[in-house]
Amino acid sequence: MESAQKNPAVEIRAVSKQFGRGAEQVKALDGVTLTIGDNEFFTLLGPSGCGKTTLLRMIAGFEQPDDGGIFLFGEDIKGLPPHKRPVNTVFQHYALFPHMTVAENVAFSLRMLGRAPGEIERTIGEMLALVKMEQFAARKPAQLSGGQQQRIALARALAPRPRVLLLDEPLSALDLKLRQAMRAELKAMRQRTGITFVFVTHDQEEALTMSDRIAVMSGGRVRQTGAPRDIYEKPCDSFVANFIGESNFLTVTVERLEQDAAWCRLDGALLQCSCAGEAAAGFDARVSIRPEQVSFSADGGGGPALSGVVENLSYLGTDTQLSVRLGDGQMLQARVQNAGRERPPPGPGQRIRLRVNPGAARLLAD
Amino acid sequence: MTRARLLLLSPTLAMIGFFLLLPVALMAVYSFLSPGTYGGVEWLLSFDAYIQFFFERDFLTDELVFHTSYLSIYFRSFVQALAATVICLLIGFPTAYFIATRPPATRSAWVLLVTVPYWVNLLIRTVSMLFVLRDEGPLNGALAAAGIVDAPLRIAYTDFAVALGLVYSYLPFMVLPIYAAIERFDFSLMEAACDLYAGRWTILRRIILPTVKPGVVAGCLLVFIPSLGAYIAPDLLGGGKNLMIGNLVALQFQGSRNWPFGAAAAVLLLSAVLVALTVLARRRALSAAGN
Ligand SMILES: Nc1ncnc2c1ncn2[C@@H]1O[C@H](COP(=O)(O)OP(=O)(O)OP(=O)(O)O)[C@@H](O)[C@H]1O
Ligand SMILES: [Mg+2]
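As the structure is a computational prediction, the values presented were derived from the model and not from experiment.

Thresholds, definitions, all that
Residues numbered from 1 in each chain as written. Chains lettered and ligands numbered in written order. Predicted model: local features only at pLDDT ≥ 70, side-chain atom pairs only at ≥ 80, totals over all residues. Heavy atoms only, no water. Core = buried A, V, L, I, M, F, W, Y, C linked by side-chain atoms within 4.5 Å. Buried < 20%, exposed > 50% of the residue type's maximum accessible area, 1.4 Å probe, protein only. Helix = DSSP H or I, 4+ residues; strand = E, 2+ residues; numbered from the N terminus. Contact = heavy atoms within 4.5 Å. Near = heavy atom within 4 Å. Polar contact = N/O pair within 3.5 Å; in protein donor to acceptor, adjacent residues only side chain to side chain. Areas by Shrake-Rupley, 256 points an atom, 1.4 Å probe, with all protein chains shown as cover. Nonpolar A, V, L, I, M, F, W, Y, C, P; charged D, E, K, R; others polar. Phe/Tyr/Trp six-rings, centres within 6.5 Å; stacked < 30°, edge-to-face > 60°. Lys NZ or Arg CZ within 6 Å of the ring centre and 35° of its normal. Buried area = accessible area lost by both parts, 1.4 Å probe. Salt bridge = Lys/Arg side-chain N within 4 Å of Asp/Glu carboxyl O. Pairing = 2+ DSSP bridges. Axes fitted to C-alpha atoms, helices over the stretch in contact; angles between N-to-C directions.

Draft legend 1. Just the nonpolar core, in detail. Counting 73 residues, the largest nonpolar core has A:Leu44, A:Phe97, A:Val164 and B:Ile207 as its most contacted members. It is helix α7 (residues 159–184) of chain B that provides the largest number of residues to this core, a total of 11 residues. The residues contacting A:Leu44, other than those within four sequence positions of it, are A:Leu34, A:Lys52, A:Leu55, A:Leu56, A:Val198, A:Phe199, A:Val200, A:Thr201, A:Ala215 and A:Met217.

Have a look at this one:
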């Protein structure tokens, strides 16, 4: 009950921002509206240049919106300088102070806030323990590896116990193994500290594995907001479906509409689709079908089946991906698991029957 | 050292040897010789030059008495050079900061502007400065016309004028190294500090200054050392009344024809600078090792 009345951690209302003038004008943010709940791990996901950093810097106070409002726990923070906002940032390239030791870096904000020396000492210890870097307290940032610097940047930003922590692609400078390890650590860290995390990335896998909710952005707009599962399984438009994971985009004819399903005809077969937006019976529309939602059977048992000829076959380790040309000429990618399959996959040129899992096809809004 | 390396280094080594070490060595040797009657030196070993610097021979008792007339010239030079350095720093740092924070396209134009005074000979620049500062000069004219002063301000031929002259001569030496340091400064550190609740002054003091310190030290040395031995500014703008080290040395080679004494004065200056620099370098090495 109480949580329903609580203010969201961050509220962004119809924020717009332009850079430059005349011909060089760039619309970095275009009417962005978002609500980030308290204690959430919220991710801003989108391709390069879509305005993620700009939005994050606006929450931190480094940029001012041209239009719209930003609220922190219900309070309008427009015009408040960065050092007056209870928000801290983990910068993309860490921005550790090179002339200070690790401990001094972590203590910096506490000194600025005029905390008592005893408390500062205690917090340094706690923060370094949190990121498992106790034994590096006396080192300078230049004497640390990239992953270690990343932890210190995190400890430094968490030390003053901000109400919201902003992270701008903090893992992008790390190698793959470390990146995967840090994902789990960051997620655990959020739970342990109870601080709202706003995380920026252009890596969809990162976003899917870590976030409570994701906002997918492109061209300065938010395309879709939702839990990772919703974003992946129920993309609202072709941009989201394409940006997150792989998908087939096929043209179908809408036959019949039900409450929250649509029956569409694809190459003679009738598919049960979920709806992203308005749809009208009798018209052509686009659906997105994830390759792993397509199964095949050489003979074809039960249910509405598509049929097509295998054109190409790629072995991907855990899976095999088949490119199949349907009877109406459209291509469909199907991905089948290699484990536990007794028969070998069909070869190129072979005609096979395919089935799409009921409701797995998504009727797109565009 | 390989032959090729020696060959490549030889022009530099020859240059340093002939034009740097040899003259200094010659100077050091001269300071221990006796003055010739019409200038030059007699090849007779003598410590008179150094004795003369610190002691006076009493007329009656023929005893050596410690005196400070020459030391006071050194002291005055030191104060003048220090003042010039501080003023240069106060003007130079904001200037360098301004240039370094311009868009990259216009930065080099600003740097070029800083060096413009250097396209004119130092002597001419100093003389024209004297014309500006004179009692009848445009500065006093403007002050009088504005009704700020009744009688002309006495600026020319004062220590203040000398300081102005030194600042004018050496300001670019302060601006350029600091500019180079600030240009390399990572401005995201500033944002990080601001994000971590630091105000503007704290950011300047705790983040910017410590990281650009090497540039500031270099600038200060490049202004302080030539100011200490400056000749033209004190000679012209100080009216030759309040001697600085440079004038004292020059006098010995021209008017007084006491080459060994001039050489000794120069060697003492050189030694003082070397000692100071060594101490500075040692301290820096220590603090670097301490971290
Ligand atoms: N200070 C600025 N001046 C001019 N244009 C800017 C400025 N900052 C950002 N932009 C422009 O605004 C747009 C959004 O930039 P932003 O940095 O927010 O993108 P991003 O989503 O963080 O991209 P990336 O993933 O590459 O970091 C880009 O087109 C960028 O060129
Ligand atoms: Mg960015």
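Draft legend 2. View of the site of ligand 1. Residues and elements named next belong to chain A. Close contacts around ligand 1 come from Phe19, Val26, Ala28, Pro47, Ser48, Gly49, Cys50, Gly51, Lys52, Thr53, Thr54 and Glu169, and that covers them all. Between ligand 1 and Ser48, the relevant distance is 2.5 Å, taken from an oxygen atom to a side-chain nitrogen or oxygen of the residue. Within the contact set of ligand 1, an oxygen atom lies 3.0 Å away from a backbone nitrogen or oxygen of Gly51. Taking 630 Å² as the accessible area of ligand 1 by itself, protein coverage stands at 61%. Among the secondary structure elements, those contributing two or more residues to the shell around ligand 1 are β2 (26–36) and α2 (52–60). Here the shell around ligand 1 gets three residues from one element, more than from any other, and that element is α2. Taken together, the residues of the shell around ligand 1 break down into five nonpolar, five polar and two charged.

Draft legend 3. Focus on the packing of aromatic side chains. Overall, the coordinates contain 21 aromatic pairs over all chains when judged by the stated rule. Note on A:Phe239 and A:Phe243: the rings are 5.6 Å apart at their centroids and 10° apart in plane angle, and the pair reads as stacked. Here A:Phe243 and A:Phe239 lie together in helix α9 (residues 238–243), a separation of four residues that amounts to about one turn. Overall, the relative accessible area of 22% leaves A:Phe239 in the partly exposed class. With a centroid separation of 5.0 Å and 70° between ring planes, the pair formed by B:Phe53 and B:Phe54 is classed as edge-to-face. For B:Phe54, a relative accessible area of 27% corresponds to the partly exposed category. An aromatic cluster of three or more residues is present, and its members are B:Phe53, B:Phe54, B:Tyr70, B:Tyr74 and B:Phe261. One Lys or Arg, A:Arg156, reaches over the ring of A:Phe97 and ends 4.7 Å from the middle of that ring. Just above the ring of A:Tyr232 sits the side chain of A:Arg290; from NZ or CZ to the centre is 4.0 Å.

Draft legend 4. Summary view of the interface of chain A and chain B. At the interface, 24 residues of chain A touch 16 residues of chain B. Roughly 1,900 Å² is buried in total at the junction of chain A and chain B, and carbon and sulfur atoms are behind 66% of that figure. In this structure, B:Glu191 engages A:Arg57 in a salt bridge whose closest nitrogen and oxygen atoms are separated by 2.8 Å. Our enumeration of links across chain A and chain B arrives at six residue pairs in polar contact (both at pLDDT 80 or more). Grouping the amino acids of the side of chain A that touches chain B by side-chain chemistry returns 15 nonpolar, five polar and four charged.

Draft legend 5. View of the sheet that holds strand β6 (residues 87–90) of chain A. Residue and element names in this part refer to chain A. Spatial strand order, β6-β7-β8-β3-β9-β10: six strands in an open sheet with mixed pairing. Here the strands that pair on one side only, and so sit at the sheet edges, are β6 and β10 (221–226). Across the sheet, the mean angle from the axis of one strand to that of its neighbour is 20°, orientation sign disregarded. With five bridges connecting them, strand β7 (residues 164–168) and strand β8 (residues 196–201) associate as parallel partners. Across the sheet, Asp168 pairs through a bridge with Val200, a residue of β8. Strand contacts of helix α5 (residues 146–158): β6 and β7, with the helix running at about 175° to β6, the strand carrying the most contacts.

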